[in-house]
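Fold and contact review
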Amino acid sequence: MKITDVRARLVRAHPERTWVFVEIDTDEGITGVGEATNSGGGGAILIARAIEILRNDLPNTDFSDGLVGQDPSHIERIWQNTYRRFTALGSRGLATAALSGIDSALWDIKGKALGKPVYDLLGGPVRDTVPLYTHVGHADDPVAAAREARELVDEGFKALKTDPYAATMRSLHRRYMSGRISAEGASLGVDVMTAIREEVGPDIELMIDAHGNFDVPTAIDMCNRMNPIHLTWFEEPCQPESIDALREVREHTDVPLCVGERMYTRFDFLPVLQQRLVNYIMPDICWTGGITEIRKIASLAETYYVPVTPHDASGPFNVIAGAHVMMNTPNFYRLEMATAGMDAYNACLTEPLDIREGELHLPDRPGLGYELDLDFVESHPDPDWVALGGG
Ligand code: MG
């Protein structure tokens, strides 16, 4: 089998998000689908451009390993060559994002060619369903947050995450400067989490996502104020670059910690695991290197008895690809899923996701088991991508 085409589709299915789907065609009529969605800042367009460059050999360059013409079953070879191709640029970040979409599409092709679900190719299931956690979106008002948490629990969700500092800090997520929070913002965070905990009771698992918005002393203070809430984890207390900052937070709080959405490949995760800096790791299958890489990261974490809980701020193939790997991963906690985007997820698919009582049930169809609804995705292109001449 040979790869005949590779393309990125930038789809505006959700009012706040552009999703990047990757399709790989073959000379045997099988098309694989993956996802390489990023999170704002124009990243989607950069990734789409990178995938264009990876598609073909370009004239007058010293590269001779474009994807068109390669055997799509050689997934590990393609992963290694693509990752190392950008070694001077920095292989982690843009390169792993593009590679993530390509890798998952190659696994989809392999499953379709062999007539087996991807989780079967990985060694077969260790569980029958994939437990999820989802988000409380109205985190700037304790009453609204508690009401939304109750609705999600009534739907069957047993684990909920929110950013109770969003009203104060959200605008700083891509404009980080000092990492400080106002006294009012810090108090509101406690009020929101207290209201949610009182509403859902002690048996629902609660997590906070701080989105890396704090400096070290602020992060320690915010963590320790949450002691009475009995969090499952406090996520990304500081920006992701400094492992020393994470260690300092770790040494000054008993609140469980989780990081990993902005860590790329097993090489980033190893020191965090070795130094026991977090209780959970949350690699993003669309950012860290696809099915091939998240599986290796999960295996690495297994040797430290640390649970893996894949991150999702993307579209439906993030969840689907992550679910296939987690079907096969013993040290799995829960898969993140942004239910606020559920209607948009299903609009992009020819078959809806099967979610019951807070758990995802994967089909036993070959490959990843889902197809893009081309009528929908072609009629909802990302407007910036169109304006720049893509699509
Ligand atoms: Mg997060």
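Above this text you will find the structure in question.
What comes next is a walk through the structure.

Here is what the cut-offs are and how they apply
- Residues numbered from 1 in each chain as written.
- Predicted model: local features only at pLDDT ≥ 70, side-chain atom pairs only at ≥ 80, totals over all residues.
- Heavy atoms only, no water.
- Axes fitted to C-alpha atoms, helices over the stretch in contact; angles between N-to-C directions.
- Helix = DSSP H or I, 4+ residues; strand = E, 2+ residues; numbered from the N terminus.
- Left-handed = near helix turned anticlockwise from the far one by under 90°.
- Contact = heavy atoms within 4.5 Å.
- Donors = N, O, S within 2.8 Å, 3.2 Å for Na, K, Ca; no water.
- Buried < 20%, exposed > 50% of the residue type's maximum accessible area, 1.4 Å probe, protein only.
- Salt bridge = Lys/Arg side-chain N within 4 Å of Asp/Glu carboxyl O.

1. Describing the packing of helix H5 (residues 142-155) against helix H7 (residues 183-200)
Two numbers describe a pair of packed helices, the interaxial angle and the distance between the axes. Running from N to C, H5 and H7 point in directions that differ by 35°, and their axes come no closer than 8 Å. As for the relative orientation of H5 and H7, their crossing is right-handed in sense. Taken together, the residues of H7 that come into contact with H5 (itself represented by Pro142, Ala145, Ala146, Ala149, Arg150 and Val153) are Leu188, Asp191, Val192, Ala195, Ile196, Glu199 and Val200.

2. Things to note about the coordination of the magnesium ion
Protein ligation of the magnesium ion involves Asp209 (OD), Glu235 (OE) and Glu261 (OE), the donor distances falling in the range 2.0 to 2.2 Å. Counting gaps between the donor residues of the magnesium ion yields the pattern D-x25-E-x25-E. In this pair, glutamate 235 is assigned in strand E7 (residues 233-235) and glutamate 261 in the loop between strand E8 (257-259) and helix H10 (265-274), connecting sequence segments 26 residues apart. Here glutamate 235 and glutamate 261 have matching classes, each one buried.

3. Considering the environment of alanine 301
Relative to the assigned elements, alanine 301 resides in helix H11 (residues 290-302). Exposure remark for alanine 301: the relative accessible area of 0% places this residue in the buried category. Taking the C-alpha atoms as reference points, alanine 301 and phenylalanine 269, 32 residues apart in sequence, are found 8.4 Å from one another. Those residues in contact with alanine 301 that lie beyond four places of it in its chain are Leu273, Ile281, Val306, Val308 and Asn331.

4. Brief notes about the pattern of salt bridges
Across all of its chains, the model carries 23 salt bridges by this definition. Across the salt bridge formed by arginine 9 and glutamate 378, the nearest N and O atoms sit 3.4 Å from each other. Placement of the pair is arginine 9 in strand E1 (residues 3-14) and glutamate 378 in helix H14 (residues 374-378), with a sequence separation of 369 residues. With a relative accessible area of 16%, arginine 9 lands in the buried category. Residue glutamate 378 is classed as partly exposed on the basis of its relative accessible area, which comes to 49%. A salt bridge links lysine 161 to aspartate 209; the shortest N-O distance between them is 3.9 Å.

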